[in-house]
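Read off the chains here:
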Amino acid sequence: MIIAPYTREQARMLSPLQLAYIGDSVHAMLVRQHLLQKNMNVKQMHLKSVQAVRAVSQAKTMDTILPLLSDEELSIVKRGRNAHAHHGSPKGATVSEYASATGLEALLGFLYLIDDMERIEFLLPYLMPED
């Protein structure tokens, strides 16, 4: 991490939408880094990354990892899921899928900000697009 990590308490003080804002970028970066290792052209990588970070895919990922989460992580996910952005859900996603995706992004933002790369690495296989 380039910038000093937040303490758990500092990260918990951020709004769930702030955590999701960072988590969205973290997820996109992880997926793009993963795709660099594949033998694809840039257009193929872009299409795969867009697919992986869209709300519908993130909601499916959330369903898969939910049983693996600690109580603290579940709390972050619930805060993210219950947060209400001041815009509608994206095209092609239900309100429920968008809420679940926001929960996943909030979790990733929290883990990134507290510099828990070990936990992110544990979740990494679930976050990647299917080959």
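Small disclaimer: the values here were computed from a predicted structure and weren't measured.

Definitions and limits used
All residue numbers refer to positions counted from 1 along the written sequence of the respective chain. For a predicted model such as this one, the threshold for reporting local features is a pLDDT of at least 70, and the threshold for listing and counting side-chain atom pairs is 80 or more; totals across whole chains, interfaces and linings nevertheless cover every residue. Each side-chain value is derived from all of the structure's non-hydrogen atoms; neither hydrogens nor water enter the calculation. Going along the chain from the N terminus, every DSSP run of H or I of four or more residues is numbered as a helix, and every run of E of two or more is numbered as a strand. For a compact globule the rule gives 2.2 Å times the number of residues to the power 0.38, and the radius of gyration it is set against comes from C-alpha atoms. Just to be clear on terms, a salt bridge is a Lys or Arg side-chain nitrogen sitting within 4 Å of an Asp or Glu carboxyl oxygen. Under the scheme applied here, a residue whose accessible area is under 20% of the maximum for its type counts as buried, over 50% as exposed, and between as partly exposed, the area being computed with a 1.4 Å probe on protein chains only. In this analysis a 1.4 Å probe is tested at points of a 1 Å grid over the protein atoms alone, and where it fits but cannot get out there is a cavity; an open set with protein on both sides within 12 Å along at least five of seven lines is a pocket; lining residues have an atom within 4 Å of a point. Grid points are joined across faces, edges and corners, and a volume is the space filled by probe spheres set on the points. Amino acids are sorted into nonpolar (Ala, Val, Leu, Ile, Met, Phe, Trp, Tyr, Cys and Pro), charged (Asp, Glu, Lys and Arg) and polar (every other residue, Gly among them). On a range of 0 to 100, pLDDT expresses the predictor's confidence in each residue. Definition used in this section: a nonpolar core is a set of buried Ala, Val, Leu, Ile, Met, Phe, Trp, Tyr and Cys residues joined via side-chain atoms within 4.5 Å. Contact criterion: two residues are considered in contact whenever any of their non-hydrogen atoms come within 4.5 Å of each other. Every helix has an expected span of 1.5 Å times one less than the residues it contains.

What follows deals with the overall build of the protein. What the protein contains, in helices and strands, is seven helices and zero strands. Listed N to C, the secondary structure of the protein is α-α-α-α-α-α-α in terms of helices and strands. Scaling as 2.2 N^0.38, a compact globule of 131 residues should have a C-alpha radius of gyration of about 14 Å, and the protein matches this with 14 Å. For the protein, the spread of C-alpha atoms along the three principal axes comes to 40 × 35 × 25 Å.

With that out of the way, let us pick up the pattern of salt bridges. Under the counting rule described, the total for this entry stands at three salt bridges. With its nearest N and O atoms 2.7 Å apart, the salt bridge here joins Glu72 to Arg8. A residue pair is termed long-range when its members are at least 10 positions apart, and Glu72 in helix α5 (residues 71-82) and Arg8 in helix α1 (residues 8-13) qualify at 64 residues. When the shortest N-O distance is used, the salt bridge between Arg119 and Glu73 registers 2.7 Å. One end of the pair, Arg119, is in helix α7 (residues 117-127); the other, Glu73, is in helix α5, and 46 residues separate them in sequence. Across the pair, exposure class does not vary: Arg119 and Glu73 are buried alike.

Moving on, we get to the layout of surface pockets. Space inside the largest pocket adds up to approximately 300 Å³. Of all the elements in the fold, those that place two or more residues in the lining of the largest pocket are α3 (42-53), α4 (55-65) and α7. It is α4 that provides the largest number of residues to the lining of the largest pocket, a total of four residues. Each residue belonging to the lining of the largest pocket can be placed in one class, and the counts come to five nonpolar, five polar and three charged. Roughly 200 Å³ of internal volume is contained in the second largest pocket. Elements with a minimum of two residues in the lining of the second largest pocket: α2 (16-36) and α7.

Of all residues in the protein, 94% have pLDDT values of 70 or greater, and the mean over the chain is 92. Within the protein, α3 has the poorest average pLDDT of any element, 94, and α5 the best, 97.

A separate point is the nonpolar core. Of all hydrophobic cores here, the largest spans 27 residues; its most connected members are Leu19, Ile65, Leu69, Leu107, Phe110, Leu123 and Leu127. Listing elements by their share of this core, those giving two or more residues are α2, α3, α4, α5, α6 (95-113) and α7. The element best represented in this core is α6, accounting for seven residues. In contact with Leu69, other than residues within four places in its own chain, are Met62, Leu74, Val77, Leu107, Arg119 and Leu123.

Taking 1.5 Å of rise per residue, 19 residues should cover 27 Å, and α6 covers 27 Å from first to last C-alpha, within 8% of that figure. Taken across its 19 residues, α6 has 14 buried, putting it largely inside the fold. Phi for Asp115, located one or two positions after α6, is positive at around 60°.

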